[in-house]
Amino acid sequence: MNPVFRKVQASVAQQALLLNKALTPCRAAPSIQHPVWCTHSVNERQYKGMPTHGIGRWKYLLPKQAPRKKKDKHQMKRIMSATDTAYGTLNVNVSGYDMTVVEHYSQYIHNFCNRLGIKVADSYALPRKSTEVMLMQEQGTKTYVDAVLKTHHRVVQLSTLNAALCPVFMDVLLKNQPEGVQLSVTEHTEADFQARFKARPELEGLIAQMNQ
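As the structure is a prediction and not an experimental result, all values here were calculated from the model.

Colleague: I would appreciate a short explanation of the overall build of the protein chain in the present structure.
Modeller: For the protein chain, the helix and strand inventory stands at 5 helices and 6 strands. Ordered by position from N to C terminus, the α and β elements of the protein chain give α-β-β-α-β-β-β-α-β-α-α. Here the protein chain holds 212 residues, and 17% of them are scored as buried. Look at the contacts in the protein chain between residues 6 or more apart in sequence, and 74% of them connect residues 24 or more apart. On the protein chain, roughly 18400 Å² of surface is accessible, and the fraction owed to carbon and sulfur atoms is 56%.

If you want it as structure tokens, here you go:
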């Protein structure tokens, strides 16, 4: 065998032996990246004797506040009185048989008031009214229902209206009034507020009996 080749083979064997000796302590040492903590189950609770409820809660540390009173939604607003230069609280009443036309016209009045700077206190709908049209038979005295007319009401309530602006305001509303729609402007009263709610005679009778 060639002596040069023998020297190379001997040097390679020595390097391999040195490398194995260097890796032996690394294999015997425990790994730092993957330590072995315990053999218990991961889901097992380690603090059975210590309760954990209430941890992370902080609202009980705040002082107790009194409960807020619910506002009465059906409370009547204060009626503004008229002055020398302005009207008081007014109701712009819109009524008609076509609900779509009545609703659109009331929206037009509301938007028009916003453009003129007129303060709108409220905008609501009144209960629908039904009118039966009765006809009498040609031969006889009995009557029968020929049609039922349903009247829809919308109200735009104005808190105040300047007297100088009133003629222009009414002129624009009358010129843009649709066909079949009735328009009227009246002063707001307590009876107008009560007309927003349907009467319940049975409930009122029971309340009267309880108060006796």
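Colleague: I would appreciate a short explanation of the pairing of strand β2 (residues 90-96) in the present structure.
Modeller: Along a regular strand, successive side chains alternate from one face of the sheet to the other. For β2, a buried count of 6 out of 7 residues is recorded, marking the element as mostly surrounded by other parts of the structure. Across 7 bridges, β2 lies against strand β4 (residues 143-158) in antiparallel orientation. Looking at the pairing, Gly 96 lines up with His 152 of β4. As paired elements, β2 and strand β6 (residues 181-187) share 7 bridges and run antiparallel to each other. Each bridged residue has a counterpart across the sheet, and for Val 94 the counterpart in β6 is Leu 183.

Colleague: Sorry if this is basic, but what is going on with the packing of helix α2 (residues 99-116) against helix α3 (residues 166-175) here?
Modeller: As a packed pair, α2 and α3 sit with axes 11 Å apart at the nearest point and diverge in direction by 150 degrees. Judged on the interaxial angle alone, α3 and α2 are roughly antiparallel. With respect to the hand of their crossing, α2 and α3 are arranged in right-handed fashion. Packed against α2, whose contacting residues are Tyr 105, Tyr 108, Ile 109, Phe 112, Cys 113 and Leu 116, the element α3 presents Phe 169, Val 172, Leu 173 and Leu 174 at the interface. Taken together, the residues of the contact of α2 with α3 break down into 10 nonpolar, no polar and no charged.

Quick notes on the rules
Residues numbered from 1 in each chain as written. Predicted model: local features only at pLDDT ≥ 70, side-chain atom pairs only at ≥ 80, totals over all residues. Heavy atoms only, no water. Helix = DSSP H or I, 4+ residues; strand = E, 2+ residues; numbered from the N terminus. Buried < 20%, exposed > 50% of the residue type's maximum accessible area, 1.4 Å probe, protein only. Contact = heavy atoms within 4.5 Å. Areas by Shrake-Rupley, 256 points an atom, 1.4 Å probe, with all protein chains shown as cover. Pairing = 2+ DSSP bridges. Axes fitted to C-alpha atoms, helices over the stretch in contact; angles between N-to-C directions. Parallel < 35°, antiparallel > 145°, perpendicular 65-115°, else oblique. Left-handed = near helix turned anticlockwise from the far one by under 90°. Nonpolar A, V, L, I, M, F, W, Y, C, P; charged D, E, K, R; others polar.

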